[in-house]
Amino acid sequence: MELQCKVQNYDWGKLGHESKVAKLLSSGDTNALIDTDKPYAELWMGTHPNGPSLIIERNILLSEYIKDNVDAIGPLVQKRFGVSVPFLLKVLSIKKALSIQAHPNKEHAEQLHALSPEMYKDPNHKPELAIALTPFEALCGFRPIYEIKEFLSKLPELHEILSKESLDSILTYEEGDSTLVLKKVFDSLMSCDKAIVAKSLEKYIKRLTSADESIKSALLFNTLQKLYSEFPGDVGCYAPYFMNLMHLRPGQAIFLKPNLPHAYLSGDCIECMACSDNVVRAGLTPKHIDLPTLINMLDYTSYTPEEMLFNPNMEDENSCIWRPPVPDFAVVKIKVLNGDAYNTIIRPSPSIIIFISGEGEACDTEPVRVRAGTVLFLKASRQLTITPATEHLEAYQAICNV
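If you're wondering where the values come from, they're calculated on a predicted model, not measured in any experiment. Each chain has its residues counted from 1, following the order in which its sequence is written. At least 70 in pLDDT is required for a residue's local features to be given in this predicted model, at least 80 for side-chain atom pairs to be given and counted, and no such filter applies to totals for whole chains, interfaces and linings, which use all residues. The basis for every side-chain value is the complete set of heavy atoms in the structure, and neither hydrogens nor water enter the calculation.

A few points about the overall build of the protein chain
We count a stretch as a helix when DSSP gives it H or I for four or more residues in a row; a strand needs E for two or more, and each element gets its number in order from the N terminus. When helices and strands are tallied, the protein chain shows 13 helices and 23 strands. With C-alpha atoms as the basis for the radius of gyration, the globule rule is written as 2.2 Å multiplied by the number of residues raised to the power 0.38. The C-alpha radius of gyration of the protein chain comes to 22 Å, within 12% of the 21 Å expected for a compact globule of 402 residues. The principal-axis extents of the C-alpha atoms in the protein chain amount to approximately 70 × 45 × 35 Å. In the protein chain, which comprises 402 residues, the share counted as buried stands at 56%. We call two residues contacting when some pair of their heavy atoms lies within 4.5 Å. Partitioning the intrachain contacts of the protein chain with sequence separation of at least 6 by distance along the chain shows that 75% fall at a separation of at least 24. Here the accessible surface of atoms and residues is derived via Shrake-Rupley with a 1.4 Å probe, and residues count as covered only by protein chains that are part of the display. For the protein chain, the accessible surface area stands at approximately 17,400 Å², while carbon and sulfur atoms represent 51% of it. Across the protein chain, the 40 positively charged side chains and the 51 negatively charged ones have centroids separated by 2 Å. Each residue is assigned to one of three classes by its accessible area relative to the maximum for its type, calculated with a 1.4 Å probe on protein chains only: buried under 20%, partly exposed between the two thresholds, exposed over 50%. The convention is simple: Lys and Arg are positive, Asp and Glu are negative, and His and the chain ends are not counted. Taken as the charge location is NZ of Lys, CZ of Arg, CG of Asp or CD of Glu.

Comments concerning the packing of aromatic side chains
Aromatic rings from Phe, Tyr and Trp, taking only the six-membered ring of Trp, are treated as a pair when their centres fall within 6.5 Å; an angle between ring planes under 30 degrees marks them as stacked, one over 60 as edge-to-face, and anything in between as tilted. All chains considered together, the criterion is met by nine aromatic pairs. Note on F136 and Y264: the rings are 5.3 Å apart at their centroids and 70° apart in plane angle, and the pair reads as edge-to-face. Highlighted residues: F136 in strand β11 (residues 136-142) and Y264 in strand β14 (residues 262-274), separated in sequence by 128 residues. You'll find F136 and Y264 in the same group, each marked buried.

Describing the sheet that holds strand β6 (residues 54-55)
By definition, two strands form a pair when at least two bridges between them are found by DSSP. Spatially, the three strands line up as an open sheet ordered β1-β6-β7, and their pairing is antiparallel. Across the chains shown, the open sheet's two edge strands, defined by having one partner strand only, are β1 (3-4) and β7 (60-61). When β6 meets β7, the two strands line up antiparallel, connected through two bridges. Following the sheet pairing, I55 is matched in β7 by I60.

Some words on the UniProt feature "active site" (unreviewed entry) in the protein chain
UniProt positions are given in the numbering used here, feature names are shortened, and annotations may be inferred rather than shown by experiment. UniProt annotation of "active site" (unreviewed entry) refers to R281 when read in the numbering used here. Note on placement: R281 falls in strand β15 (residues 280-283). If we ignore the near neighbours within four places in the chain, the residues touching R281 are S99, I100, Q101, K287, H288, I289, D290 and L294.

What about the environment of D168?
Looking at the secondary structure, you find D168 in helix α7 (residues 164-171). Since its relative accessible area comes to 33%, D168 is described here as partly exposed. Note: C-alpha distance between D168 and E361 (193 residues apart in sequence) is 63 Å.

A few points about the UniProt feature "domain: Phosphomannose isomerase type I helical insertion" (unreviewed entry) in the protein chain
The positions that UniProt labels "domain: Phosphomannose isomerase type I helical insertion" (unreviewed entry) are, in the present scheme, residues 166-243. Overall, residues 166-243 shows 65% helix and 1% strand. The separation of its end C-alpha atoms is 17 Å.

Concerning the state of the cysteines
By convention in this document, the label disulfide applies to cysteine sulfur atom pairs within 2.5 Å. Here the structure, examined in full by the defined rule, presents zero disulfides. Cysteine C400 shares no disulfide, and the gap to the nearest cysteine sulfur, in C272, comes to 8.9 Å.

Considering the pattern of salt bridges
Whenever Lys or Arg places a side-chain nitrogen within 4 Å of a carboxyl oxygen from Asp or Glu, that contact is recorded as a salt bridge. Counted under the stated rule, the structure contains 19 salt bridges. A salt bridge links D299 to K257, with the nearest nitrogen and oxygen atoms 3.7 Å apart. One end of the pair, D299, is in the loop between α12 (291-297) and α13 (305-308); the other, K257, is in the loop between β13 (253-256) and β14, with 42 residues separating them in the sequence. With a relative accessible area of 14%, D299 lands in the buried category. With a relative accessible area of 32%, K257 lands in the partly exposed category. By sharing partners, the salt bridges in this structure join E315, R323 and R347 into a single network.

Observations concerning unusual backbone geometry
In this structure, N59 takes a positive phi of about 50° despite not being glycine. Note on placement: N59 falls in the loop between β6 and β7.

Here we look at helix α1 (residues 20-28)
Three or more residues of α1 are buried, namely V21, A22, L24 and G28. Looking straight down α1, one finds its buried side chains confined to an arc of 165°; they lie on one side. Buried residues in α1 make contact with β2 (6-8), β4 (39-40), β5 (42-45), β8 (87-94), β20 (351-363) and β21 (367-371). For α1, the side-chain oxygen to backbone nitrogen distance between the N-cap and V21 is 3.1 Å, and the N-cap itself is S19. Relevant arc is that of directions from the helix axis to the C-beta atoms, nothing else. Identification of polar contacts relies on pairs of N or O atoms within 3.5 Å, with a donor-acceptor requirement for protein atoms, meaning one able to donate a hydrogen and the other able to accept it, and with residues adjacent in sequence counted only if both atoms are side-chain atoms.

Regarding the nonpolar core
Buried residues of nine kinds, namely Ala, Val, Leu, Ile, Met, Phe, Trp, Tyr and Cys, make up a nonpolar core once their side-chain atoms join them within 4.5 Å. Counting residues in each nonpolar core, the largest one holds 55 residues, and the members touching the most others are L158, F186, L189, L224, Y238, Y241 and F242. It is helix α8 (residues 179-191) that provides the largest number of residues to this core, a total of six residues. Among residues more than four places away in sequence, those in contact with F186 are F142, L294, I295, L298 and Y300. Ranked by size, the runner-up nonpolar core spans 43 residues in total, among them V7, M45, C272 and C400.

Here it is as structure tokens:
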């Protein structure tokens, strides 16, 4: 069943046809009109109430359809999640950095929702998987502590705003558990007066602007300049010196487990997550920052960029799967070359499938013409036969990980 899906025009999105979201929208629906001056940030595929998908041929919301067709969910998913699609599949097109954030685990999400339902609107966790469609830049997890120490040794501007106790604790750190050291220095940074941070950043930007290219490169000047132009004076501009700066190639992925600090900076990606909107923000945002909650929940483990990459497993010659350690979702990439027909693997869960490139046909009971931008819903325990009419057909399929 083909779906009509919701576009979100958040201001951080790429404009007009620069956006992968807009390109997929106009390719999938020839009647869609793209405004070149409008941001096309996200395409939502699922049943989330803030952007529910519609079954085109039946003119009914997917969420309503599954209530009357429980078999579409399958007994395993129904037993675990009730009559629902427990994941949300998205395409993101990012021009301006998203906020530095983390998501609570399930138990913590329930507590936050009970205490502050106006801020934390549901009791669910929100683990996320991001798969790059184009060169993609993100901050993800705290850096190895020796890298943070190296940056701090070259940033006197940070020495002026961090507490002496936190600075001493990290600069004298040699070995052992570094989580308390990182927590102390990050708390000091985030707690600093906004006016003092803004003045510090202004001074730092001025110093780096006149530095030679080798110093600029070593101190991540291009990233700093981008963040500063988008969020002048924001404490999050200092985040790249504490967090891993990831440059993903198309097909590479990161899994954002609970409490892991992260921020998407630029590029296009497939994103899949548990069906929730719980976010605790840390910077690069005009929105509310719940600092006590944030400081106490973050994962202060030091990670290398290699540890942040989340790799798929091949299932057969046409498909590979990213299977996170959560039951809510997994994502399958399917690529079929012209001259072949491919039968998808039968899953005990419902699927949402978006075609990213190529044209051809997909058949469950009735054949459907598909092209880049076509989104399909497939019932549990059903199989789709995919036949390209062009050089290839490529798609991403979200499923439950049960």
